[in-house]
Every structure is written in C-alpha cells, then in structure tokens.
Amino acid sequence: MEQKFVLNIIDKKQIPETEPERQYYFMDIAKEYVKQLSEAKGNPLTFHVSTFGCQMNARDSEKLVGILEKVGYVEEDSEKADFVIYNTCTVRENANNKVYGRLGYLNGFKKKNPFMMIGMCGCMMQEPTVVEKIKQSYRFVNLIFGTHNIYKFAELITTAMENSFGPQHKKGMSMTIDIWKDTDKIVEDLPVERKYSFKSGVNIMFGCNNFCSYCIVPYVRGRERSREPKEIIREIERLVADGVVEVMLLGQNVNSYGKNLETPMSFAELLQEIEKIEGLERIRFMTSHPKDLSDQLIEVMKHSKKICKHLHLPLQSGSSRILKEMNRRYDKEHYLELVEKIRAAVPDIALTTDIIVGFPGETEEDFEETLDVVRKVRYDSAFTFIYSKRTGTPAAAMEEQVPEEVVKNRFDRLLKEVQTISAEKASALTGQTLPVLIEEQNGQDEHLVTGRLSNNSTVHLPGSADLIGKIVDVTLTECKGFYYIGELS
Ligand code: 5AD
Ligand code: SF4
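Remember, it's a predicted structure, so these values are computed and weren't measured experimentally.

J.: An account of the pattern of salt bridges is requested, with residue identities and associated values reported.
T.: The final tally for this structure, using the stated rule, is 37 salt bridges. The closest approach of N and O atoms between Lys199 and Glu439, which form a salt bridge, is 3.1 Å. With Lys199 in strand S7 (residues 199-203) and Glu439 in strand S15 (residues 433-441), the pair connects residues that are 240 residues apart, well separated along the chain. A relative accessible area of 18% places Lys199 in the buried class.

Pasting the structure below:
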C-alpha cells in the first residue's frame, strides 16, 4: 500500500520515561493511527488474536486484547481481521510447525487487504532460529516481539504501523522486530480485556528457574520473578469489584512464589491473604512443582473455604532414575508420599498431572514405573505427551533417544490406562448436591448451561443465560463419562 497517512505526531520530548505512563502515551498515538487508517478504509479496523499453548499465554493474550481495544481496534472472530496476532507456544516441536502452516494461509488474506498487519509474539519468538526463519521465509509479517516486552505492546504497535503504513515504509522493508533476552521488570496497571466477566487468570510470578532437562520454558520465559503481594491483592480486589468470583493464580511453579521478593513470602502465605478478599469465592492455581509443595501449603488447603478441590501436580515420569535425568529433584517415593499427604488433608481433592513418554534413555522398566504411579495415584485426568526434542535443552544432547515406534506403543498404553481410571473415577460424585460456577450457555441448546465444580469437572444442566457467573447448588443426576448432567437444587 502507498503511504496512507502522514505520521508526525510523536513529540520525542513528550514521551514519558517511566512505565506504565510511557505506554499510555503510545496508546494515544496508536489510537490516532488506528483512526486515520479506519477512515482510509471506510470501516473500523478489526483484530484477531490466536492463542497457542498454556494459561500463561491465554492471560498474555487478554493483555494484548486490552490494549488493542483501548487504541480503537474492534475484535473479530476470524483471521481475516486487519490485525492478526499469533501468540505462540514452543514447548513441543509440533506447536511450532502448526504456526508456520497457518502463516502461509494468512498471507493469502493479507494480499487482498492493504490494511492488514500480522503480528507474532510469545515463546516461539524467543528462539533466534525462529525469528531468522520468519525473516527469510515469511517477510510479510509486520511485527515480532517476545515474552519479556509484551508490556510495550502499545509502543510496538505504533512503530509497526509507522513502518508498515507511514512515510518510512518501503516495499518489503516493513518488519518491526523487538526481542529481549530476559528482563527483571514487571509493569503493573496496563489495560486487560478479560475473556470471561466472572473469572480471571492472575499472574503471580513470571519465568522459571528449574531447568527440567527437556524443557525450553526457562530459556524463553526467563528467570523467575514474583509480583509484589500488594499488587496481586490490589488486582484481585479490583477484579472482584468488577464481578469476578474465581481467580486462577498463574506461575510456572507457583510453589516457589515469593523467594526473590524484598520481603520474602511463601505461596501458602499469599493464599491466606487472598482468601481474606471479600466477595472472592474460588481460588485456583497452576502449576505446582512437586519438589516445592510444602506442608504449609497442604495445611492452608485443608482449612481453606475458597481454594478449589483440584491440584495439578505434574509427575512427568514415575521412574526415579528418569526423574533424576529430567532434573526434577524428587523421586517416585517422594511423589507418592506427597499425594498421600494431600489426600489425607483434602480427601475429595481431584488430582491431575502431566506425563512425558519417551524421554531419552527411558526403558520398558522405567515406563512400567510410570504406569505403576498412574495406577497408585489414580488421577482424575492426565495430560500425556510424547517427548519432543527441544534444541538447546540438555535432554536434546542426550544419547539413546527412544525409537519412535517404541514411544508410540508406550504412549498408547499409557493413554488407555489413564482413560480407564478417569472413566472409573468420573461418576464418584453422582447423586451429590454441590456448588457449580455457571460459565456459559450450551452451544447446541440455549436452554442448557455449562458450569464447573470446585474439582474442575464439567456439569451441564437446564438453565438460562442469566445464571452465567453465578455459583449455584446443583444435584448431579448422572455422569456421562467426562461430564455430569445436573439440575438446580
Ligand atoms: N516434550 C514433551 N513434553 C514436554 N513438556 C514440556 N517440555 C516438553 C517436551 N520437550 C510438557 C511437560 C509440562 C507440560 C506443560 O508440557 O509435561 O508439564
Ligand atoms: Fe519447564 Fe520444569 Fe519450569 Fe515446568 S518447572 S516450566 S517443566 S522447566
């Protein structure tokens, strides 16, 4: 597109040096650019954010949406939007491949829409080889940024718009790239647009220091840093005032929360503070590393009225030998003892987990140990993954990568075991009357709503949209495998 508008409204002397003020300044600038482009187009500019990966990325996407709406973009439910952003994941190789496939398809839309921009962010962008590949083969991408500078999104949009549509735009030279290796900065008080009005993720910490030998996360999300408890509490209080009844506290390893604070505070202590917030009904958290799960936390969970009866406790492997190779810093016995302690304290807790099959050197005996833990713990559900070699991690350099067909066979056996146990456990609550947070109307039948029990199980029941966001007592009349059918009691 030829230059559509002249960009001379940034007054360098006016740019605030401190955050978040600086970003609010750029939001005003971006708003003006969006207005000019919308006028040129004859319609409001639209955006679409596609999120890959974990809850952390989902929360980051809400921050992107908050800023996009603030600067005047209108959300659209399709990748034909004027600004499409891929918030990527790189935890397994197939996640990367999916993104490349879809980028080619996006270019088809871009060729037909002179107002279109494509942005790429998230974990995949922290890998230099990925950025190199996009620079070489996907030159139509307008903006690339990483996990550490997402708070600068308003500023980045402004630069990307100038480079794409401003006077300095030259054909084929419009890519804006800003990737940081790491940061110790946490910027508070930027706009966020929640997906749900009644529940919200809340970051309590960023990054990870564990360096499990298969995992790329510490390389792409940087070192562990915790938010100040007062900031977390303030955010939750505001959310509650805005109608939120359930929060999901997010961190790569929530059990090591608070270690790097000026006044250190444990995760259990933080939970106790959050519990006091009036109007907040439910607290969830994710993810817990077994090595750091303290007795203090179990005690707090036992006495809490708000912490949900669900714990996600990644096992990764049941073999102590493989756990050592994985650098997990617990063994099979410790894990099983932990599960026993938790169940003794909170008998009706639902336990879920992550398991990797085919870690380098995993023998049939090692795999049998994993099956043994699965049978002993009897998880309510488990996410099972085939080991994916991530360049740069210690495990990628390990010899004895397990042959594909062996891994596939083990994976199928594990999945069968996990599913059989989940199905056996699923109906445990049939007949009981329990509180359910109603989350949405059923897609197929408007007279049905869907909600969640404290233990995270799904319940479908007759009801209308005005129940959404409310916690109601529901009698669970029937179990249909992975969900319950219920009725208001
Ligand atoms: N290969 C397969 N699964 C992995 N995970 C993390 N890294 C890898 C990898 N290289 C899984 C772990 C983690 C979950 C989020 O993803 O089980 O808990
Ligand atoms: Fe990855 Fe381990 Fe950190 Fe989880 S705890 S993000 S698996 S390095």
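J.: I'd like a rundown of the site of ligand 2, residues and numbers included.
T.: Taken together, Cys208, Asn210, Phe211, Cys212, Tyr214, Cys215, Val217, Pro218, Gln252, His289 and Arg328 are the residues near ligand 2. Classifying every residue of the shell around ligand 2 gives 7 nonpolar, 3 polar and 1 charged.

J.: Kindly report on the site of ligand 1, identifying the contributing residues and their values.
T.: As a structural note, the neighbourhood of ligand 1 is formed by Val91, Arg92, Tyr214, Gln316, Asp354, Ile356, Phe385, Ile386, Tyr387, Ser388 and Arg390. Within the side chain of Arg92, a nitrogen or oxygen atom sits 2.9 Å from an oxygen atom of ligand 1. Note that an oxygen atom of ligand 1 is positioned 2.7 Å from one of the side-chain N or O atoms of Asp354. Contact with the protein chains hides 85% of the accessible area of ligand 1, taken as 400 Å² for the molecule alone. Those elements that provide at least two residues to the shell around ligand 1 are strand S13 (350-357) and strand S14 (381-386). Residue classes in the shell around ligand 1 are distributed as 6 nonpolar, 2 polar and 3 charged.

J.: Can you explain the environment of Val300? Please cite residues and give values.
T.: Inspection of the secondary structure puts Val300 in helix H9 (residues 295-303). Placed 33 residues apart in sequence, Val300 and Phe267 show a C-alpha to C-alpha distance of 10.0 Å. Once residues within four sequence positions are removed from consideration, Val300 is found in contact with Ala268, Leu271, Gln272 and Ile307.

J.: Could you give an account of the sheet that holds strand S17 (residues 458-462), naming the residues involved and the relevant values?
T.: In spatial order, the strands read S15-S16-S17-S19-S18; together these 5 strands close into a barrel with mixed pairing. Sheet twist, expressed as the average angle between the axes of neighbouring strands with direction ignored, equals 50°. Here S15 runs beside strand S18 (residues 471-479); their pairing, made up of 5 bridges, is antiparallel. Each bridged residue has a counterpart across the sheet, and for Leu437 the counterpart in S18 is Ile471.

J.: Could you give an account of a negative patch on the surface, with specific residues and numbers?
T.: Where like charges cluster on the molecular surface, the negative patch consists of Glu69, Glu75, Asp77 and Glu193. If you trace the backbone, Glu69 turns up in helix H2 (residues 55-70). The class for Glu69 is partly exposed, based on a relative accessible area of 30%.

J.: An account of the side chain of Asp60 is requested, with residue identities and associated values reported.
T.: Mapped onto the elements of the fold, Asp60 is located in helix H2. Once residues within four sequence positions are removed from consideration, Asp60 is found in contact with Asn87, Ile150 and Arg221.

J.: Can you tell me about the packing of aromatic side chains, naming the residues and giving the values?
T.: Summed over the entire model, instances satisfying the criterion amount to 15 aromatic pairs. Each ring, one from Tyr100 and one from Tyr138, has its centre 5.7 Å from the other, and the planes form 20°; the classification is stacked. Remark: Tyr138 occurs in the loop between helix H4 (128-137) and strand S5 (143-145) and Tyr100 occurs in helix H3 (residues 93-112); sequence separation between them is 38 residues. The residues Tyr100 and Tyr138 share a single accessibility class, namely buried. Seen in terms of ring centroids, Tyr214 and Phe359 are 6.4 Å apart; in terms of plane orientation they differ by 85°. Their pairing is edge-to-face. With Tyr214 in the loop between strand S8 (205-206) and helix H6 (217-221) and Phe359 in the loop between S13 and helix H12 (364-377), this residue pair connects regions lying 145 residues apart in the sequence. Ring pairing ties together the aromatic residues Tyr73, Phe83, Phe145 and Phe153, which thus form one cluster.

J.: Lay out helix H5 (residues 153-165) with the relevant residues and their values.
T.: Here H5 contains 13 residues, and its C-alpha end-to-end distance of 18 Å stays within 8% of the 18 Å for a straight helix at 1.5 Å per residue. Phe153, Ala154, Glu155, Leu156, Ile157, Thr158, Ala160, Met161, Glu162, Asn163, Ser164 and Phe165 are the residues of H5 that are buried.

J.: I'd like to hear about the sheet that holds strand S10 (residues 246-250), residue by residue, with values.
T.: Ordered in space as S7-S10-S11, the 3 strands form an open sheet in which the pairing is parallel. Of all the strands in the sheet, just S7 and strand S11 (282-286) have a single pairing partner and so form its edges. Taking the axes of each pair of neighbouring strands and ignoring which way they run, one obtains an average angle of 25° across the sheet. Across 5 bridges, S10 lies against S11 in parallel orientation. The partner of Leu249 across the bridge, within S11, is Phe285. Sheet contacts for helix H8 (residues 267-275): S10 and S11; angle to S11, the most-contacted strand, approximately 155°.

J.: Could you give an account of the pairing of strand S1 (residues 46-51), naming the residues involved and the relevant values?
T.: By the criterion of burial, S1 is predominantly enclosed, with 5 of the 6 residues buried. Inspection of the sheet shows S1 paired to strand S2 (residues 74-75) by 2 bridges, in the parallel sense. Looking at the pairing, Phe47 lines up with Glu75 of S2. This β-α-β element, S1 to H2 to S2, shows right-handed connectivity. Relative to strand S3 (residues 83-88), S1 runs parallel, the two being bridged by 5 bridges. Paired with Val49 across the strands is Ile85, a residue of S3.

Analysis parameters
Residues numbered from 1 in each chain as written. Chains lettered and ligands numbered in written order. Predicted model: local features only at pLDDT ≥ 70, side-chain atom pairs only at ≥ 80, totals over all residues. Heavy atoms only, no water. Salt bridge = Lys/Arg side-chain N within 4 Å of Asp/Glu carboxyl O. Helix = DSSP H or I, 4+ residues; strand = E, 2+ residues; numbered from the N terminus. Buried < 20%, exposed > 50% of the residue type's maximum accessible area, 1.4 Å probe, protein only. Near = heavy atom within 4 Å. Nonpolar A, V, L, I, M, F, W, Y, C, P; charged D, E, K, R; others polar. Polar contact = N/O pair within 3.5 Å; in protein donor to acceptor, adjacent residues only side chain to side chain. Areas by Shrake-Rupley, 256 points an atom, 1.4 Å probe, with all protein chains shown as cover. Contact = heavy atoms within 4.5 Å. Pairing = 2+ DSSP bridges. Axes fitted to C-alpha atoms, helices over the stretch in contact; angles between N-to-C directions. Patch = residues over 30% accessible without salt bridge, like charges linked within 9 Å, V, L, I, M, F, W, Y side chains within 5 Å. Lys, Arg positive; Asp, Glu negative; His and termini not counted. Charge placed at Lys NZ, Arg CZ, Asp CG, Glu CD. Phe/Tyr/Trp six-rings, centres within 6.5 Å; stacked < 30°, edge-to-face > 60°. Expected span 1.5 Å × (residues − 1). Right-handed = clockwise from strand over helix to strand, strands pointing away.

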